[in-house]
Amino acid sequence: MDQNRADDMYLNMIEKSVKNLDLFVKNIVNYYKNSRIEETLSEINFDQILDENIKSFDGLNGINFAIDISNLSPFKSDDFRIKVILNNILSNAIKYQKKDNPEKRVEIKIHTSPEKADISIFDNGIGIQEKHLPSIFKMFFRGTHYSDGSGIGLYIAKEAIDKLNGSVQVESEEGKFTKFLIEIPNSYVPSPQAAALR
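Let us look at the structure shown here. (Residues numbered from 1 in each chain as written. Predicted model: local features only at pLDDT ≥ 70, side-chain atom pairs only at ≥ 80, totals over all residues. Heavy atoms only, no water.)

Notes on the packing of aromatic side chains
With the rule as written, the count across this model stands at 3 aromatic pairs. Taken together, a centroid distance of 5.9 Å and an interplanar angle of 20 degrees make the contact between F122 and F177 stacked. With F122 in strand β5 (residues 116-123) and F177 in strand β7 (residues 177-185), the pair connects residues that are 55 residues apart, well separated along the chain. Residue classification places F177 among the partly exposed positions, given a relative accessible area of 21%. A ring pair is formed by F137 and F180, whose centres lie 6.3 Å apart and whose planes are at 75 degrees; its orientation type is edge-to-face. Residue F137 is found in the loop between β5 and α4 (153-163), and its partner F180 is found in strand β7; the two are separated by 43 residues along the sequence. (Phe/Tyr/Trp six-rings, centres within 6.5 Å; stacked < 30°, edge-to-face > 60°. Helix = DSSP H or I, 4+ residues; strand = E, 2+ residues; numbered from the N terminus. Buried < 20%, exposed > 50% of the residue type's maximum accessible area, 1.4 Å probe, protein only.)

Here it is in structure tokens:
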């Protein structure tokens, strides 16, 4: 190996390590905020949150995103925690794509009603072994040797979902797909005038 190639290899390793450390620090900050900060309610703009999240990720080359948002009702929740949930689960959907798959796909469906938001995030990546499914929300758990993350992203997402009195289910088949199904209660309360018009 010539010196230039060796230098490039070491620089790439350093860059990767710095990015991993940066992500770890962000996750720790989010974990602290989620555990300490009181819930702050505001109307959620899912279009804006998803647009910002997707633009913030590296390694999007070749991934097709299909986004379907159906806002049948104003949805109110904690903006910070909604962002953490979507960011951490989308991060996994992107990170664990199959490198040799020419049709990488991530599908996001969000449906809001007066009672709740139903969120579905599907990817056709490497999937999760059935034996690992009960453990994926445990702190520091990593279910695959492909992972170079910290193992706390899904743990923090689950903590945020719990803080919002929501629920999450996971369906997956190794080598084929993973799908997260999330329900978050709607904290929106219409004004007496708006309620009278219904």
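Notes on the packing of helix α2 (residues 46-56) against helix α3 (residues 79-95)
Packed helices, taken two at a time, are described by their axes: the angle between them and the distance between them. Between α2 and α3, the shortest axis-to-axis distance is 10 Å and the interhelical angle comes to 45 degrees. Put simply, α2 runs oblique to α3. Classified by chirality, the crossing of α3 by α2 is right-handed. Across the interface between the two elements, F46, I49, L50, E52, N53 and S56 from α2 touch D79, I82, K83, L86, N87 and L90 from α3. The class makeup of the residues in the contact of α2 with α3 is 6 nonpolar, 3 polar and 3 charged. (Axes fitted to C-alpha atoms, helices over the stretch in contact; angles between N-to-C directions. Parallel < 35°, antiparallel > 145°, perpendicular 65-115°, else oblique. Left-handed = near helix turned anticlockwise from the far one by under 90°. Contact = heavy atoms within 4.5 Å. Nonpolar A, V, L, I, M, F, W, Y, C, P; charged D, E, K, R; others polar.)

Thoughts on the side chain of S172
By the element assignment, S172 lies in strand β6 (residues 167-173). Judged by its relative accessible area of 17%, S172 is buried. A polar contact of 2.8 Å, which involves the side chain of S172, links it to the backbone nitrogen of I128. Only 3.0 Å separates the side chain of S172 from the side chain of T178, close enough to count as a polar contact. When neighbours within four sequence positions are excluded, S172 is seen to be in contact with G127, I128, L133, F177 and T178. (Polar contact = N/O pair within 3.5 Å; in protein donor to acceptor, adjacent residues only side chain to side chain.)

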